[in-house]
Structure formats: C-alpha cells, structure tokens
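# Descriptive analysis of the structure
Here are the chains, one letter per residue:
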Amino acid sequence: MAQNNSRLLLPLIWMSIILLPSVLCAQSPRPQKQGAVEKKLIEWSAVEPDSRTVRKLADQFERSPFDGFVYRATTKTGEQMMWHIWGDRKYKIEEFSHVIEDFQSTNFRKLTDRFLRVNVTPGTVDWFDDNAWSVVLCNFQIAAQLARETGSIGILFDTEQYNIRLFDSEEMQKTYPYNPREYRAKLRQRGREWIEAINSEYPDITILMTFGYRAAQQSEIKNFRVGNYKYLAPFLDGILSACDERTKIIDGWEYAYGYRQECQFRDARRVMKHQAKDWTANRCRYEKHVQASFGLWTDYSLRDYGWDLNEHSKNYHTPFEFENRVRAALHHSDHYVWIYSGTPNWWTGERLPDEYIEALKKAKTAAQVE
C-alpha cells in the first residue's frame, strides 16, 4: 500500500518542481544582469555653469544625453572658489548660501550625478606649514559640505598644476628645501588629513580626478603638461589609506582627450585596473576605491583643427568618429565618461551642431545595451 501511495505522489512532486520557478518569477522582479553597471556621461565645459546658470537652464539641459555635469561655486561677490581653494583665502559656508538655494530649488530628474569643481590652485602653501595647511583643509571641508548640501554626488578634483607646481618634486625642493624622504612622508600625511576633512562632511563622496597615479610616473610621462607630478603619488597614497569605506575615487584619465582607436581605451583601462596597483602603497585599498574613467574633448586640438560648424570633416572628431570614440570610452570605463568642450556649449546649444548631439545620444544608447 505504501508503494502505491508513492507512485501516486510522484507525479504531484514533479509537477510542483516544474511549476515552482514560474510561481517565483511571478512573485519576484526579474533580477538585473549580474555585474551590469549603468554607464553615465558627465558634461564639463571650459566655462562651467555657476549655480544661477544651472537653475535657469536645467530644464533645457535635462534633454541632453548627459547624466550629470561639473559646475563651479562662486561667492556672493562673484569670486570663484576653485581658483583660491588651495591658498590663504579661508571660506565660510555662508558665502555660498545662494548656491545651496539655487540647487535645492531646481527640479533635477535625470541629472543625478553632479560634481563641484575644485583645483589645486593657487598652490601657494608650504606642505610643511601646519597653519597654512589648516586653511586648505578648512576650504575642502567647506567644498564637501557644499557638494553634499547641493545634492551633488561629489567633487571634480582637478589635479593639474595651473599655478604653483605643488606636486613637482624638483620645483618643491627648490622652493621649500626638504629632502625627498621627508616630502613623501609629509604628502602622505597631508593626503590623509585632506580626505579626513572631506569625509567629515561627506563620507560617501565620489571624487572624480583629472589625473591619477600615472601622472606621477616619470618613466611613463616626461614633464606632462607643466613640470612633473612625482609627489602626487604619496598624496594619493595618503588619501587611500584614510578614506571612508564608502568613498569612491575615479581616475578620470584626461589623456584620452584625443584617443582615436578603441585599443587605446582598452590599454588605458589595463593600466588603471592592473599596472597602477604597482604604483600605489595601498594595493588592496586601490582595488576597493578606485574606478576607471575617461575624458573626451568635443572640439579637441582647436589650434590645429579649429571647430567648423558646417564641414565637420575639418574637425578632429567628425560626428561619426565622435560617436564611436565615446562608445569605446563607455565600454571600457567602470562607470563614467566625461565630455570636455571649449567652443560648443551643451547647455545653450550655441556653436553645437545637431549631428554631435545625435552622435552622443547614439553612443549612450549603444552603451546601455552592450
């Protein structure tokens, strides 16, 4: 009798096994593709919008292919914070109350990833001067607070040495004559203090950098831009050693401005994801916190090519080439690709042919289905 009952139950058991997945699928949302990350485009122009421009034109800019943008903070008197942040000018958050108001009064829908630009300018600070350095820390703490209160995802940290070459080992040792070992130790300390000041206001901040560890490798890049960046590495080491577990650091890889071939993006990604781990003192922290990104310049090499609004074949990137290069950049980035522009204005549409807008839209659409 027990054997007969087993025979009767067996079909029911098999039917339950067959139907169970269908029931579960009906009750649960379909899982996303494992490992899939939304790729995002960030706009950064030669003249970043201030908060008033953002408030005025955000609805129009929402129709662009971008997911976010870089902006500048100005005081009530019109002073641009980014050009004085690394000096002896000490800021107060009250000077930027109008910036906070402008952003909080703006209805952002798609433009979720916004970055406040900060520089290393003027750079007139002795790394060993605690009193002078305290001003820099205060200013970056204010910048982090401002980014948080405006609902920004983080800061764009432009590490290019526009004024004083504060990461240039030769320049620093001439100006402030300490030995290289003392400099490396001090810059690691300052990196720790810098990120601790930022994280005290914004623990889960995203920091998008124009240049990362590669700029500090003299064997790789000889006098890139102005001077060397040898002391950038210990400063970054200090940041990685002390940053909050939720902090993200994006290597923006500005070198990609003029990339023409897909293999260049692939090779650059390999440097950021693998080779750069040999250049940092914190391999595990690097793997955890640093992501790969790329910057592309819409009207690149203006001096040689110009920016022709009608005959696009005269430009460094034709719309078709621009689409393919942005698509390659998105494919090889971890999350972000940022688009820099000198002449065309993505906010107002001035000096911006429709073909380039469509090229960017196509590249973005293609990246989301790859």
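That block above? That's the structure.
First, a word on what this report is: a plain description of the structure on this page. (Residues numbered from 1 in each chain as written. Predicted model: local features only at pLDDT ≥ 70, side-chain atom pairs only at ≥ 80, totals over all residues. Heavy atoms only, no water.)

## Focus: the pairing of strand β5 (residues 206–209)
Residues T206 and L208 of β5 are buried on one face, and the alternating residues I207 and M209, pointing to the opposite face, are buried as well. Sheet topology places strand β4 (residues 154–157) next to β5; 4 bridges connect them, and they run parallel. Across the sheet, the residue bridging to G154 is T206, located in β5. In the sheet, β5 pairs with strand β6 (residues 248–251) via 4 bridges, with the strands oriented parallel. Bridge pairing in β6 places M209 opposite D251. (Buried < 20%, exposed > 50% of the residue type's maximum accessible area, 1.4 Å probe, protein only. Helix = DSSP H or I, 4+ residues; strand = E, 2+ residues; numbered from the N terminus. Pairing = 2+ DSSP bridges.)

## Focus on unusual backbone geometry
Put simply, T121 and P122 share a cis peptide bond, and its omega is 0°. Considering the arrangement of structural elements, one finds P122 in the loop between β3 (113–118) and α4 (130–149). Even without a glycine there, the phi angle at S301 is positive, about 55°. On the secondary structure map, S301 appears in the loop between β8 (294–297) and α10 (302–305). Overall, S301 belongs to the buried group, its relative accessible area being 19%.

## Things to note about the sheet that holds β8
Ordered by their spatial adjacency, 9 strands build an open sheet running β7-β6-β5-β4-β3-β2-β1-β9-β8, and the pairing between neighbours is parallel. At either end of the open sheet lies a strand with only one pairing partner, and these are β7 (290–292) and β8. Put simply, the sheet's adjacent strands are angled 25° from each other on average, direction ignored. In terms of strand pairing, strand β1 (residues 40–45) meets strand β9 (residues 336–341) through 6 bridges, oriented parallel. When the bridges of β9 are listed, L41 appears paired with V337. (Axes fitted to C-alpha atoms, helices over the stretch in contact; angles between N-to-C directions.)

## Focus on the pattern of salt bridges
Applying the stated criterion across every chain, the model contains 28 salt bridges. When the shortest N-O distance is used, the salt bridge between R283 and D278 registers 2.7 Å. With its nearest N and O atoms 3.8 Å apart, the salt bridge here joins K361 to E358. Placement of the pair is K361 and E358 together in helix α12 (residues 354–369), with a separation of 3 residues, close to one helical turn. Assessed through its relative accessible area of 39%, E358 is described here as partly exposed. (Salt bridge = Lys/Arg side-chain N within 4 Å of Asp/Glu carboxyl O.)

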